[in-house]
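# A look at the structure
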Amino acid sequence: MEAVEGSKKHETKRKRNEEDNDVPSKKRKISQSLTTNKKTKVVVPTVKDIIEDRITQIALKYWSPSSQSDLLPFDPSIIDDLYTTEIFGDSYQISRVMMLELSLYLERYLWPNFSEEASDEYVLSIIVMVNEKFRENVSAWDSFISSPDLFNVFMQKVYSLYDRISVERKMHYILFLTNCFNSLSVDIVRNSVLKIVSMRLWCNISEGRRESMLKNRPRWKSTWGKIIRREKRNAKKNIDPYENEKEFIPSLISDYFNILQSISPDSVDESSVNYCLRFVEFAIDLLCSPPSRPFFKVLLEDKHVYVLSVRSNLYNIQKAGSKYRQMCDILKFYMDFEIDDYIGEALNDSDIEKLYHEKMLNAQKIAFKKFGDVLSDFSFVNIASIDSREGIEEHLTKVDHDTLHSFALHLNIVNEDDTFSRSELTDIIVNYLERRRFQIDMINMDALYPDENILWDKSIVPLDNFTGESCLALPKLNLQFLTFHDYFLRNYDLFRLEAAYEIKHDIEDVLKRMQPLQLSNGKTIFDGWARLGVPIDTMRVTYIGEPSVGYLLPHAVSAHVDITLPNRSDVKDEWDALRRHDVLFLITVRPEKHHTPDPKGFFPREYGIQYIRGCEVVEVLDEEGNKVNDPSPEYQPKRIGNRRTLKVQLDPAQYQQDGLIQHEDVSHSFHLIMKRRAKENNFKAILGTIKDLMNSNLKVPTWLKDVFLGYGNPDICQNVHVSRVVNYTDSFLDKDHLIECIPNIQIPENVAPPYTIEETEEGTLTARKSTSIHQKKNIKGNTVRFTPVQISAIRQSMNQGLTLVVGPPGTGKTDVAVQVISNWYHNFPQQKTLIVTHSNQALNQIFEKIMHLNIDERHLLRMGHGQQQLETEKDFSKYGRVNYMLSIRMELLQKIKLLAESIGMDESVAYTCESAMNFFTFHVKGKWQEFLETMKNGEKSPEFVMDNFPFMDYFEEDPFYGDTFEENMEIASTSFKELENLYDQISDCQVFELLKSSHDRGNYLLTKQAKIIAMTCTHAALKRKDFVELGFKFDNILMEEAAQILEIETFIPMLLQEDPEANLKRIVLIGDHNQLPPVVKNMAFQKYAHLDQSLFTRFVRLGVPTIDLDMQGRCRESLANLFNWRYPNLGNLPHTENEEFKIANPAFLHEYQVINVENYKGQGEFTPSPYFYQNLGEAEYLVYMYMFMRLVGYPAKSITILSTYNGQKNLIRDIVNKKCKNDPRFGYPSKITTVDRYQGQQNDYILLSLVRTKTVGHVRDIRRLVVAMSRARLGLYVFCRQNLFNNCYELTNTFSIFKKIPSKLMLVENETYPTQRKIDDQVEGFPVENIAHMKEILAQRLG
């Protein structure tokens, strides 16, 4: 899922209310409603507004690092004043909080001056600023980490604050707690907040429930005993140091009920609603987290939070309670989650059934013994008749209130002093006793494709302008998961909704282009056209399969869709290129006859969308019924005419639901069929894969399970089994290299590489020379002189378990990956290795390097369509490798023929692989045994070996060059191993004689012969089912770009075999969590649900040990300083001192520089459409500079132009196309793209536009800044509004370096490319004053 920076999908929309125009700018307050219900006008402050703003003026006096004068001493009244006038004026003012956060209020004033005497306003100010940092997605806890004791004081004041603040403040308060529990990876936070969800909570539950929870749970019982003893000791001393731990959460619940009950249908208080939403979100997050769930869940059950929430007015208010109902549904789901909270293990279906029947049996026994006179029927009835609400209520209606309360009391679900009404007691008992549907059954009944109800439901698929101010009814990807089912389910829901978000935009785009109209007779026609949409001529359902045993849904539903393609050949080719399993969408549209835009902007109403259904391609047939899709290598069909019949599979679940629609047959109503671009259309296969995994008995290696879910000691997943003897092949270039990387190694004199290293149990390391049966001549080996840390990564990768390698920019991640794979291949020749990356480009880079190593070509396989982009004439696809094996079969048989002739045998032994194998077994081996016997009994001279070696005539050159008998015997043995290797290859080829179809041969090659298989994570997710059905197995997996891959797309490749627990031995993840994360288009899924979290980053946050590569070799040292502050101990490789890096950039005084760009034609940034940011001044200046560089002599291929926003990228492309593309003096640069798109790539010279002039924008994300600063090798020139970026706290480390250089572009006269000037040479430069000046300089150059 590719991010599109700067498009309307990707920039958080800041909503502000502009106050009266007569308010002076110094006191202007731009407020914002906290909820998303109010439509507020957006007012973005200019730089001038920010400078003149009251907050800025106060900051300059008291805490701003930009102050030109001495700062005034701390004044607590300033905090009270800002709290009253700026944070909470008449209402919460988000724009003022943003201004405070940007001014470094928390880092420079609030926290440095915090003490035990801090006021409530002080504490709340810190709370609000922390929340704002979370909303802005910037680091929130950095300021606190160095003061853990003071942080504990702060948290104690937080816990004691709650009862003294208003409902509106409580909303921010509960949000702060939620943020704390979502930050358990931070030690000081975890140590503080986990205390309030400890077992001491059970001091507040009924004794009966507590006893039932402690029964048969000795560990909990022991802990509770210690708590009771400590309580007694404290009672004697009349102290209670654990009051907060016991009473805090119960008091929150009590207050939640009070606020919830205050909401009436006639008067809905917005603050109260928002608080209730935030409280339920808080409760859900605690239930989803393994450390907080066990004891908190029991408290929620004891307080009947779910039951009373559902009975509330808010839950039953149609509009205002919509999101609240969804949140309560999620709360219920996680309260009933299928896990044993005592041992932390998932419950299977039989476990759940057993527990339920035990609970019902206990209820029936109680009813019989205690209430036999009124509940006798309930006691003896079959459980199946009382496992639903209706069945239970039927029996409870016969019971009076007091008996009902007594029954609930005996069930241990209420307290003696509870005062519930009769209906409340009924709901409590029903909630306790009714059977829960299995979660997997509910998932299996869901349609995989989104329909019209999901696509435009704002509560399910949030709009583009999510700002992070409100909670959403979405699951979150947190640090820990309850079970694998929980993990898959959260990813399934989020991935499905992210796909729906993208599909919605595609449908809207196609319908806008197609322009549907409804005629007077009710027929729908289209007045426009679109490449991706074609009107449907006819459609018919052709097959409905009977449900499989045990299932309710049809086994399959097939249909034929007839369409007529446009006459444009390119469009026809695109539709004929549909492949099996491609997803299409069927759309029914009935627009109003007099089409007018919907006043509320509701797209389905405006365009008359009635139904949207997904389907999957099976075949595409032309007018004569010929199949035109998925051509095989042997057959390329002709395509007859423009009419096509699409054979498709419909979703059985959706088809069954459509059968309930009484007034219309949905499957015969469709008017339009839409396809999507192939790269964006893989969601259905991935969702199907996730669903298959949820339905399977998942097995993962035991060493991976706990750390994957976030439990236990993260060290246990590493070095599960240490490889004591390892052949490092060509990892070390020479003896000095070996000693440099492993100083304590013992190595004999005169031992040259390659080396095998042996490690004893005591840790002693010894090196010896390696021998390998795979050694070949004329093979390009490793030439990289790996650093000690790189060697450490390579060595650890040889051990079984998980290895994480953090690779900052330019540190040779790919070289390390290639060497690891090579070492696996030579040390474990029987094992298979899987290589997975995010992009085809990265995968091909690795694969091309592997091709040149000492690895047999027949063991390499590149899966997926990206193999066509490999820079080689060889075909490494399945079919290409099949053809290769057939060709080398002929070569090998020719060698067998020569061998047979050399020993006097007939050439017929080389007719087939089978005859060749027999020849080897009965003749070649026999002659070798005879030779060995002769040598054993004959004279011990080197000539005797030469004279009796039976295969001398086969070898073109005399292989014997030894001076002793032993040396020539070693040579003879090596020569025979070559023959054995020849027959190993013949054995591999024999199967290709027996298998006749390309399909079977390809599958054999994948499952048996290939040792190194490369694919993208997307291909792995798409084909997982096929791999498992083929019985595919692998032992090792290496993932590059691991920090750029979605959680689920990282995990699925590890599960491409039926039993990973038995087979998977090594996992190596290589990436950089300090660079950009996986791309997620919807801001809500990215910022709120954390869908952009990678598994690599989560492992790092969990504390899994990493190997951090520490030497970069990409760029000059001066350029590395712009980003190396993000990486402790990152140094520079020796080759960065080479001449190339010492030469100055011709015509430029500096090798890096920020070029300040003021308003151009009276304007800075602008948005021609929402969130589509452009800056004409920066674009023009940047293009002029590119043209200047070309005239100086810089090669176009050495220059890349980057922007942080898509809108600017498009603007720059337009200008370059107009001014440069067709002019041979300039031409087109290597690339014009966005920073996000350019991650993982580099060039000599980078011209970067930061675009924004009003707010910093998303380059404030340090990960994006690191990527932007690390793409250049020799020169980086940044065009921006410098004073804006200088004042951003997150960018300080980089822009403080830029500030040391003038902000006007400095040129050197009369210099051309290349130059001999060194970067340290003192020369005079002259400044370029502005864009107009740059244009004049360019004009002079052009003459």
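Here the structure is a predicted model, which is why all the values come from computation and not from measurement.

## Considering the environment of Y1127
If you trace the backbone, Y1127 turns up in the loop between α45 (1117-1120) and β22 (1131-1132). For Y1127, a relative accessible area of 5% translates into the label buried. When the C-alpha positions of Y1127 and V806 are compared, they lie 10.0 Å apart, and in sequence the two are 321 residues distant. In this view, Y1127 contacts P808, P809, D1072, N1074, Q1075 and V1266; residues no more than four positions away in its chain are not counted.

## A few points about the packing of aromatic side chains
Going through the model one piece at a time under the given rule, you end up with 81 aromatic pairs. Each ring, one from W111 and one from F114, has its centre 5.3 Å from the other, and the planes form 15 degrees; the classification is stacked. What makes F114 buried here is its relative accessible area of 5%. Between the aromatic rings of F488 and F1051, the centroid separation amounts to 5.7 Å while the plane-to-plane angle is 25 degrees, which identifies the pairing as stacked.

## Section: the confidence of the model for the protein
In the predicted model, the protein carries a mean pLDDT of 89, and the fraction of residues at 70 or more is 94%. When the criterion is pLDDT under 50, residues 1-44 qualifies, and its contacts beyond four places in sequence or with other chains add up to 134 contacts.

## Digging into the pairing of strand β14 (residues 801-806)
When you tally the buried positions in β14, you get 6 out of 6 residues, the bulk of the element. Here β14 runs beside strand β19 (residues 1066-1071); their pairing, made up of 6 bridges, is parallel. Looking at the pairing, T803 lines up with V1068 of β19. Here 3 bridges tie β14 to strand β20 (residues 1106-1108), and the two strands are oriented parallel to one another. Bridging across to β20, V806 finds its partner in D1108.

## A word on the environment of D493
With respect to the secondary-structure elements, D493 resides in helix α25 (residues 484-514). Under the relative-accessibility criterion, D493 is labelled partly exposed at 28%. Separated by 18 residues in the primary sequence, D493 and P475 have C-alpha atoms spaced 7.6 Å apart.

## A look at the sheet that holds strand β9 (residues 643-650)
The antiparallel closed barrel is built from 6 strands, whose spatial order is β5-β6-β9-β8-β7-β10. Across this sheet, the average inter-strand angle for adjacent strands is 45 degrees, counted without regard to direction. Pairing between strand β6 (residues 557-564) and β9: 8 bridges, direction antiparallel. Within β9, the residue paired with I563 across the bridge is R644. On the sheet, α25 packs against β5 (533-544), β7 (583-589), β8 (609-621) and β10 (672-675) and is oriented at approximately 130 degrees with respect to β10. Sheet strands in contact with helix α26 (residues 569-576) are β5, β6, β7, β8, β9 and β10, and its direction is about 80 degrees off that of β10.

## A short note on the pattern of salt bridges
For the structure on display, the rule yields 73 salt bridges. Note that R531 and D570 form a salt bridge whose closest N and O atoms lie 3.2 Å from each other. Within this pair, whereas R531 is found in the loop between β4 (524-526) and β5, its partner D570 is found in helix α26, the two being separated by 39 residues in sequence. A salt bridge links E907 to K897; the shortest N-O distance between them is 3.4 Å. Of the two residues, E907 is situated in the loop between α35 (878-902) and α36 (913-937) and K897 in helix α35; the sequence distance between them amounts to 10 residues. Taking the relative accessible area as the measure of exposure, E907 reaches 34% and is therefore partly exposed.

Cut-offs used in this document
Residues numbered from 1 in each chain as written. Predicted model: local features only at pLDDT ≥ 70, side-chain atom pairs only at ≥ 80, totals over all residues. Heavy atoms only, no water. Helix = DSSP H or I, 4+ residues; strand = E, 2+ residues; numbered from the N terminus. Buried < 20%, exposed > 50% of the residue type's maximum accessible area, 1.4 Å probe, protein only. Contact = heavy atoms within 4.5 Å. Phe/Tyr/Trp six-rings, centres within 6.5 Å; stacked < 30°, edge-to-face > 60°. pLDDT = per-residue confidence, 0-100. Pairing = 2+ DSSP bridges. Axes fitted to C-alpha atoms, helices over the stretch in contact; angles between N-to-C directions. Salt bridge = Lys/Arg side-chain N within 4 Å of Asp/Glu carboxyl O.

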